[in-house]
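Fold and geometry: a report
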Protein chains: 4
Amino acid sequence: MATKRIAVLTSGGDAQGMNAAVRAVVRTALDKGADVYAIYEGYQGLVEGGARIRKMDWDSVGGILQQGGTLIGTARSEEFRTREGRRTAALNLLQLGVDRLVVIGGDGSLTGADVFRREWSSLLSELTQSGEISAETAAEHPHLLIVGMVGSIDNDFSGTEITIGTDSALHRITAAVDAITSTAASHQRTFIVKVMGRNCGYLALYGALATGADWVLIPEAPPDVDNWQDVMLERLRAGTKAGRRDHIVIMAEGAQDRYGSYIGSSDVQRVLEEGLGEEVRTTVLGHVQRGGRPSAYDRNLATLLGYEAVIAILEAKPEDDPILVGTKANRIIRLPLMECVQKTRQVAEAINAKDYEKAMALRSSGFKDAFSTLKTMIRALPHPPEPGQRRFRIAVFNAGAPAPGMNTAGRVAIRLGLDQGHIMLGVSNGFEGLAEGQIKELEWTSVSGWASLGGSMLG
Amino acid sequence: MATKRIAVLTSGGDAQGMNAAVRAVVRTALDKGADVYAIYEGYQGLVEGGARIRKMDWDSVGGILQQGGTLIGTARSEEFRTREGRRTAALNLLQLGVDRLVVIGGDGSLTGADVFRREWSSLLSELTQSGEISAETAAEHPHLLIVGMVGSIDNDFSGTEITIGTDSALHRITAAVDAITSTAASHQRTFIVKVMGRNCGYLALYGALATGADWVLIPEAPPDVDNWQDVMLERLRAGTKAGRRDHIVIMAEGAQDRYGSYIGSSDVQRVLEEGLGEEVRTTVLGHVQRGGRPSAYDRNLATLLGYEAVIAILEAKPEDDPILVGTKANRIIRLPLMECVQKTRQVAEAINAKDYEKAMALRSSGFKDAFSTLKTMIRALPHPPEPGQRRFRIAVFNAGAPAPGMNTAGRVAIRLGLDQGHIMLGVSNGFEGLAEGQIKELEWTSVSGWASLGGSMLG
Amino acid sequence: MATKRIAVLTSGGDAQGMNAAVRAVVRTALDKGADVYAIYEGYQGLVEGGARIRKMDWDSVGGILQQGGTLIGTARSEEFRTREGRRTAALNLLQLGVDRLVVIGGDGSLTGADVFRREWSSLLSELTQSGEISAETAAEHPHLLIVGMVGSIDNDFSGTEITIGTDSALHRITAAVDAITSTAASHQRTFIVKVMGRNCGYLALYGALATGADWVLIPEAPPDVDNWQDVMLERLRAGTKAGRRDHIVIMAEGAQDRYGSYIGSSDVQRVLEEGLGEEVRTTVLGHVQRGGRPSAYDRNLATLLGYEAVIAILEAKPEDDPILVGTKANRIIRLPLMECVQKTRQVAEAINAKDYEKAMALRSSGFKDAFSTLKTMIRALPHPPEPGQRRFRIAVFNAGAPAPGMNTAGRVAIRLGLDQGHIMLGVSNGFEGLAEGQIKELEWTSVSGWASLGGSMLG
Amino acid sequence: MATKRIAVLTSGGDAQGMNAAVRAVVRTALDKGADVYAIYEGYQGLVEGGARIRKMDWDSVGGILQQGGTLIGTARSEEFRTREGRRTAALNLLQLGVDRLVVIGGDGSLTGADVFRREWSSLLSELTQSGEISAETAAEHPHLLIVGMVGSIDNDFSGTEITIGTDSALHRITAAVDAITSTAASHQRTFIVKVMGRNCGYLALYGALATGADWVLIPEAPPDVDNWQDVMLERLRAGTKAGRRDHIVIMAEGAQDRYGSYIGSSDVQRVLEEGLGEEVRTTVLGHVQRGGRPSAYDRNLATLLGYEAVIAILEAKPEDDPILVGTKANRIIRLPLMECVQKTRQVAEAINAKDYEKAMALRSSGFKDAFSTLKTMIRALPHPPEPGQRRFRIAVFNAGAPAPGMNTAGRVAIRLGLDQGHIMLGVSNGFEGLAEGQIKELEWTSVSGWASLGGSMLG
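Residues numbered from 1 in each chain as written. Chains lettered and ligands numbered in written order. Predicted model: local features only at pLDDT ≥ 70, side-chain atom pairs only at ≥ 80, totals over all residues. Heavy atoms only, no water.

This paragraph deals with the pattern of salt bridges. Following the criterion strictly, the structure yields 122 salt bridges over all chains and no others. The salt bridge partner of Arg-189 of chain C is Glu-279 of chain C, with a shortest N-O separation of 3.9 Å. Placement of Arg-189 of chain C in the loop between α6 (166-187) and β6 (190-195) and of Glu-279 of chain C in the loop between α9 (265-276) and β9 (280-284) is noted, with a sequence separation of 90 residues between them. Judged by its relative accessible area of 32%, Glu-279 of chain C falls in the partly exposed class. Residues participating in the shared-partner salt-bridge network are Arg-83, Arg-86, Arg-87, Glu-119, Glu-126 and Glu-132 of chain A. (Salt bridge = Lys/Arg side-chain N within 4 Å of Asp/Glu carboxyl O. Helix = DSSP H or I, 4+ residues; strand = E, 2+ residues; numbered from the N terminus. Buried < 20%, exposed > 50% of the residue type's maximum accessible area, 1.4 Å probe, protein only.)

A few words on the environment of Ile-72 of chain D. Residues and elements named next belong to chain D. Among the secondary structure elements, Ile-72 is positioned in the loop between β3 (53-55) and α3 (83-95). Taking the C-alpha atoms as reference points, Ile-72 and Arg-379, 307 residues apart in sequence, are found 47 Å from one another. With sequence-adjacent residues up to four places away left out, Ile-72 is seen in contact with Val-8, Leu-9, Thr-10, Val-22, Ala-38, Ile-39, Tyr-40, Glu-41 and Gly-42. (Contact = heavy atoms within 4.5 Å.)

Turning to the interface of chain C and chain A, a few remarks are in order. At the interface, 32 residues of chain C touch 32 residues of chain A. Both sides of the chain C and chain A interface together cover about 2300 Å² of buried area, and 47% of this is carbon and sulfur. Ranking the residues of chain C by area buried against chain A places Ser-186, His-187 and His-287 of chain C at the top, with a combined share of 23%. Taken together, the connections running from chain C to chain A amount to four salt bridges. Taking the shortest distance from any N to any O, the salt bridge between Arg-245 of chain A and Glu-41 of chain C comes out at 2.6 Å. Our count for the chain C to chain A interface comes out at 16 residue pairs in polar contact (both at pLDDT 80 or more). Breaking the side of chain C that touches chain A down by element, the ones donating at least two residues are α6 and β9 of chain C. A breakdown of the residues in the side of chain C that touches chain A according to their chemical character gives eight nonpolar, 16 polar and eight charged. (Buried area = accessible area lost by both parts, 1.4 Å probe. Polar contact = N/O pair within 3.5 Å; in protein donor to acceptor, adjacent residues only side chain to side chain. Nonpolar A, V, L, I, M, F, W, Y, C, P; charged D, E, K, R; others polar.)

Turning our attention to the relation of the copies chain C and chain A. Overlay of chain C on chain A (RMSD 0.1 Å): rotation 180°, translation along the axis 0.0 Å. These values place the two chain copies in the arrangement generated by a two-fold rotation axis. Interface residue correspondence from chain C to chain A reaches 100%, placing this contact among same-surface, isologous pairings. (Least-squares fit on C-alpha atoms with pLDDT ≥ 70 in both.)

Here we take up the state of the cysteines. Residue and element names in this part refer to chain B. Applying the stated rule across the entire model yields zero disulfides over all chains. No disulfide involves Cys-200; its sulfur sits 14 Å from the nearest other cysteine sulfur, which is in Cys-340. By relative accessible area, Cys-200 is classed as buried at 1%. (Disulfide = S-S within 2.5 Å.)

Between chain D and chain C, the contact holds 58 residues from the first and 58 residues from the second. Taking both sides of the interface into account, the surface hidden between chain D and chain C amounts to around 5000 Å²; carbon and sulfur atoms contribute 53%. Contact with chain C buries area across many residues of chain D, yet Asp-31, Trp-58 and Met-377 of chain D alone supply 15% of it, more than any other trio. At the junction of chain D with chain C, the criterion picks out eight salt bridges. Across the salt bridge formed by Arg-331 of chain D and Asp-369 of chain C, the nearest N and O atoms sit 2.7 Å from each other. Along the contact surface separating chain D from chain C lie 19 residue pairs in polar contact (both at pLDDT 80 or more). Within the residue set of the side of chain D that touches chain C, elements represented by two or more residues are α1 (18-31), α6 (166-187), α7 (202-211), α10 (296-315) and α13 (365-379) of chain D. At nine residues, the largest contribution of residues to the side of chain D that touches chain C is made by α13 of chain D. Taken together, the residues of the side of chain D that touches chain C break down into 21 nonpolar, 19 polar and 18 charged.

For the rest of this paragraph, the subject is the relation of the copies chain D and chain C. Turning chain D through 180° and shifting it by 0.0 Å along the axis lays it on chain C, with an RMSD of 0.0 Å. Of the interface residues in chain D, 100% have counterparts in chain C that sit at the interface too, so the contact is made through matching surfaces.

What follows deals with the packing of aromatic side chains. How two aromatic rings sit relative to each other is set out by the distance from centre to centre and by the angle between their planes. Following the criterion strictly, the structure yields 18 aromatic pairs over all chains and no others. Between Phe-116 of chain A and Trp-120 of chain A, the ring centres sit 5.7 Å apart and the planes meet at 80°, which makes this aromatic pair edge-to-face. Of this pair, Phe-116 of chain A and Trp-120 of chain A both sit in helix α4 (residues 107-129), four residues apart, which is roughly one turn of that helix. Across the pair, exposure class does not vary: Phe-116 of chain A and Trp-120 of chain A are buried alike. Centroid distance Tyr-43 of chain C to Phe-80 of chain C: 4.2 Å. Interplanar angle 10°. Geometry classified as stacked. (Phe/Tyr/Trp six-rings, centres within 6.5 Å; stacked < 30°, edge-to-face > 60°.)

Moving on, we come to the pairing of strand β1 (residues 5-10) of chain A. Residue and element names in this part refer to chain A. Taking burial as the measure, the six residues of β1 include five buried ones, the bulk of the element. Regarding topology, helix α1 (residues 18-31) serves as the crossover connection from β1 to the parallel strand β2 (residues 35-39), and that connection is right-handed. As judged from the five bridges shared by β1 and strand β4 (residues 100-105), these two strands associate in the parallel manner. Each residue of the ladder has a partner; that of Val-8, found in β4, is Val-102. (Right-handed = clockwise from strand over helix to strand, strands pointing away. Pairing = 2+ DSSP bridges.)

What follows deals with the sheet that holds strand β7 (residues 215-217) of chain D. Pairing between the strands of a sheet is mediated by backbone hydrogen bonds and can be parallel or antiparallel. Residue and element names in this part refer to chain D. Spatially, β7-β8-β6-β9 is the arrangement adopted by the four strands of the open sheet, whose pairing is parallel. Strand pairing shows two members of the sheet lacking a second neighbour, β7 and β9 (280-284), which therefore form its edges. Going from strand to strand, the sheet's axes swing by 15° on average, the running direction of each strand aside. Across six bridges, the pairing between strand β6 (residues 190-195) and strand β8 (residues 247-252) is parallel. When the bridges of β8 are listed, Val-195 appears paired with Ala-252. (Axes fitted to C-alpha atoms, helices over the stretch in contact; angles between N-to-C directions.)

Turning next to the pairing of strand β5 (residues 145-150) of chain D. All names here are of chain D. Along β5, six of the six residues are buried, which leaves the element largely enclosed by surrounding structure. Taking every second residue as pointing to the same face, both faces of β5 are buried, with Leu-145, Val-147 and Met-149 on one and Ile-146, Gly-148 and Val-150 on the other. Looking at chain direction, strand β4 (residues 100-105) and β5 are connected through six bridges and run parallel. Bridging across to β5, Val-102 finds its partner in Val-147. Pairing of β5 with strand β10 (residues 323-328) involves two bridges; the strand directions are parallel. Looking at β10, one finds that Gly-148 is bridged to Leu-324.

What follows is about the packing of helix α1 (residues 18-31) of chain C against helix α10 (residues 296-315) of chain C. Residue and element names in this part refer to chain C. Where α1 meets α10, the closest approach of the two axes is 7 Å, and the angle between their N-to-C directions is 35°. Note on packing geometry: the crossing formed by α1 with α10 is right-handed. On the side of α1, the interface is formed by Ala-20, Ala-21, Ala-24, Val-25, Thr-28 and Ala-29, while α10 contributes Arg-299, Ala-302, Thr-303, Gly-306, Tyr-307, Val-310 and Ile-311. Class assignment for the residues of the contact of α1 with α10 results in nine nonpolar, three polar and one charged. (Left-handed = near helix turned anticlockwise from the far one by under 90°.)

On to the environment of Ser-265 of chain B, then. Residue and element names in this part refer to chain B. On the secondary structure map, Ser-265 appears in helix α9 (residues 265-276). Its relative accessible area of 15% is what places Ser-265 among the buried residues. Ser-265 sits 19 residues away from Val-284 along the chain, and the two C-alpha atoms are 8.7 Å apart. Non-local contacts of Ser-265, meaning those with residues more than four positions away in its chain, are made with Ile-192, Lys-194, Met-251 and Thr-282.

Following this line, the structure appears as structure tokens:
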């Protein structure tokens, strides 16, 4: 049996932990008796070949585990986007006898790998016909096997619970907001902090939860009311009343309102300055989130994924679809790569289509729990029982037969109640249920998705 | 319906994130319309009462999310270990109308809460008879409801995947070992780093994985050979040969050999100094692991758990057993508290009984995967094919009927082979399986547990 | 002898270490037998009085040493800018018997204190006449004694070598640029990092030195050539040629060209993108620089200054001018406050007047050394001996009698030579000096100031 | 003129910033037209030669500025301690035409360089006679020129104000004690933290100042009383009474009592446990202090020193004594190396001889100020006016002619008074001075050194 030959590359935006992943791929491959090559500068290096593709030994990846970024580089490659470029890339791999490729990157990078894989046999034909490779070589490597891992600080990839770099980015955000908080408290001032995430509010949401922020704007769940500015201002004023000296609003890059209109940090700043009658400062964290030493979590995640990627690629069968190595239920698992890519794109499409219910539905339950908990932390403010106002426990139930629009109506009623500080109770099975005590308290997210469903969710 | 009254306390060793948990309990309780009290100085404060039990409002927990330790304090309480002490504690709670208690602490602290809960009705009787409380008061609070959360940097609690403080401790270990690594490399020296964990090697194992350590000693999985010192030395020498300038050995406090003998850092130091013929340094990380700002992960974990703890305690029924709020499959869930305590103790007992197979079996599959991956990372060293040595692919299979001892023999053979750098293959169904290709590669952990099982695991 | 009463306030932008200063003032005052008050929210609190001015005891400042920002707050006060406001402020102090004020703030805040001090006796008269204070009270506090300390992360204050907060800000800049560097290297990309400093390039300069940046733009020393863009590009290209993967340009907020035109980060970005033909990213560090835990250095500096401030204010005589407590030659010293303020303004004026020679002359010699060293680090690139080019040792000397313009000509010649990579030698005393070997190598800064001087600096 | 050739090595314990120093030496040398070599593994590499001595170019030191430890290594060399070893070292240098050596290390390493320098010409003779080098080579390199820089985290070198690595070590100590403080406060517990420094209390003193520690033990200034244990306990109890929850005692490795007896951390622990009746924990920070990324300060210090070292070694004349490049009054200066070594040893000798007055006298005034300020911060505790006790202002003056022992008596009186919380005043010129008001308050350190001086220091 010929020695298996694996190549590994990093592509797309760099993420903390990519080096740990490369190290694990190299060392696991060596341990399993395979040869392993690193491709420098991403797909561009794959096209350029030569010194860009280097055989690795144990020591080649020594001392890289702790370092940020990706030491084998990443670069945009226009050439790899062309068939001509991919043809050269295939030739470069075949000359080294490599037909297994581990790709660490984001959405686009992994899709690129799949295109390459699907074209492989036709590229082989071309290269054989032109005499650039021999028929024997073609016969030895009839298939390109692909395993992917997601390196992305945004955690914007569906299917896997967490992507390499997310935890480290969250760390840096938390440290930055901690620092800003002390300044904000010194001046009794409000700060807006903008974090990464075009289609994914993960960093904004978990950053807000970790720093006790007062308001958050994420693409998947825009404020559910038209006058969100008023609600936001009211919460901030309530905080001040309760003794809070600083206010922090965290927003994702892709923040938008319920009509899909982009919300910029300057928009929020203007609203806050006018509403609070004070200076408001904005900090765009930018690339500070991306770099620096990976956290322990990211190093371990990337190492475990890198290990599994090699096991998977060595076990892969020619007929197998490309695999994504990710995590689910806190375990390292293998997933169908292209399905995950599809699902990832669905989130972006749902956001573009302003179908936020769907976008949230596509997020993990952990994400939804976090969002719900954050809302409670913010809402916990003793604002609602304004002078003279009472806080009610309001039960909602449907009477009569299910009818179109019932859910939508229920959903609106429940959210309105929650927003005004009441405790909302759902009663199942109408009057009968009420009699039997089929009552449970409803949360903001309990009613997510109701808008698009028929029948009566309350029952 | 009377307003529900909840008290929260922290107990045992402090852990980063405890403040976040307290904050979440307070704010969630307020949001749900409950009254909430903080008990200062743990169970000791519960016994002392008075100013030690304070009603909290929204602002009481402002600005604590980011802070290390526990701001409501923790203390040993001899008094609470006596029935007399618990009687006073019950009285203190009853005087405030509190009959729901959220406890954030370790194994012992949570067990103490359960004892208190079970005694509650007899304490009530005593207090009523003595006239310290009225019959009405007793009638209003017939049961004490308990919800626990684990605050422990060691991650030494079964049932929940991760405990509050673990991620932060791992951070501090990682930063410390990163720092030590640069010194070790400067001097081409070996360092021993001792981390916390008497019965749990989590910090040592994940710390080793995150820092690329060369050897790890954990209580659950002592080296499987008698001459582990030689094996360790061989790995370190192989590293040197491959170009590595530093060597790091990480050991848990509870490190031991396969016969249950304690391994101290000075033992390891002596072995290394004699074996390598050079000075070796030891660093005991101690309390540096415990304090400091909680990581983003711990803040979020503690916030989500604190939220769920309040939901759980408000929904709890008198007849319910005490609940532990923890994580499983990356979700926040409710677990039977005392079952988890039992399971936690089983690990300690298994280690004491030198039944390491069982101890490892009680750990999560993630733990086992991490251990296996770490071994590969260490083993990946190009040591085995020593001059003249070849690396074989060795297949192991059973022929004939299953017989006692077959598994043990197979296990020994497989580990021996792996340890010598060979690739071990398992063949199912004897010769028949071999003919049909029922072969798969075996890992170190593939054979865990075989020793205690009957039949033939290979099949 | 009546107990002396001291008040302390923080004003202006917050800086890490302000809390350490307040703590030292309070504890030293208590130790010296004085009463001490903290004024909350800066001058605004001084005007508002009441709960804004609180008597401090030992415990009041416990646990604040490590914290960022200023826990006694700082705020803009329009009222204190009016005589009416200051009248109320004086009344507030007199009612408590306080006539000694320690102010921790920047340029403007300290000037405000001096205005208040000079008006004190006329304010006394007014308050006595209106009957708001008694003649006895007026007689007991005929003078307001002022001691200032500079809290400012920019190190933009003349007279003292370093201001409270500078070291911590430099830390945060360094950590941020370290993080960005790993990303920049991953992508072989150029980053622009904008740091604080309107009239002072300290953070930019020392940040560039600490992170190995490739180019720096500071207000005091704009590029000395018109085509600085070309020179910058050439250096960056030389770095790439020498193997460098990342490029970092650090610029102060107040960056400008030699004609005083503001240079924005977008200007630099455009130049770099056009010149290098690649994407360039900009990060504005903003308030991340300002907050967070003070460094050990800032805590110690602030503690030592706070101690000395109390000693100084207790020893102060009515006729004394206000004192600034600062550092010189690494010692804690007392300086004439208003002279330092004047000097600080002269730098700003010199920059506004485009008299950069003067601006640099007003900076400390350490600043100039750092600038010179940074230039060498950047210049050290093996760029100059371009193919076919030789690196000369060029001697410059004046022959004949000194004449106007000689220095300017010499300066231009020398810098041009240095810029092209030659080694420039200065010969003293013309041909005679040459014969006698009165030759020394000239640095970039050796010729600073020549432009505005008569005679021949070379001699 | 032949190109000058410089070699640079690091020796002794590694210190953060050594890489920055090496980088600055290399790049400055290149910029000045010199050739530059790095010697790997310290003096051992100098003896081994070959691949241990490598020519450096600009890129050789790229990316090392930010890294901890020393990338060119450091090692103990028994061989270099022998003349035979130094003979080989000389040969290695001569074969490359190197006769200028920059050494970055501690006390012993710099002394070693001086021995080598003094032997140089006799080594030359030997090598010429044996024919290992030609007469021409010998003639071209008649002298070895040495410039040293101190790399030492302890700041234990006299002559220079601060050594490379000290600021970074202080950072790590501060971060560790901050972390421990939160744990200590959680448990209301006392912690002992042991930091580096055998003959120098710098890290302990400035670490204590930066973290608000309650007590410090440094070698240069042992407690001035026999019952220091009681005094320490009293201060800690006073802190508890004033509301403090945690207690931190920081001790240097070289801590001793006034009789020169070693004080171990276990001694202090026993005293505290018995005296306070509670558990006390000890943390030995160890190598955690030494490693990790250098602080901005250390990077800049090392860069400026490295630059100056090259300028100095290029300007050095054969007859010059070896130079130390260090800082004084916050400026980079050149110092006579061996004088500084002598002075450094005097401190150690004074400590060994229990002449603590002298040891302190040899420390910088900044050190003494810091010590005095720390004592005030600790003493500030409202302990002295114990129930019924009054705090006096006590004046001390001499009457009659100066007599032997007057100073000693005065010193004892003054310290006793201060220790009991009184304010001590010194009167100059006896009764006459008293009449004229020649009175000033005396500090603890005001009387340092009096014991060994004749006459009357008070006057």
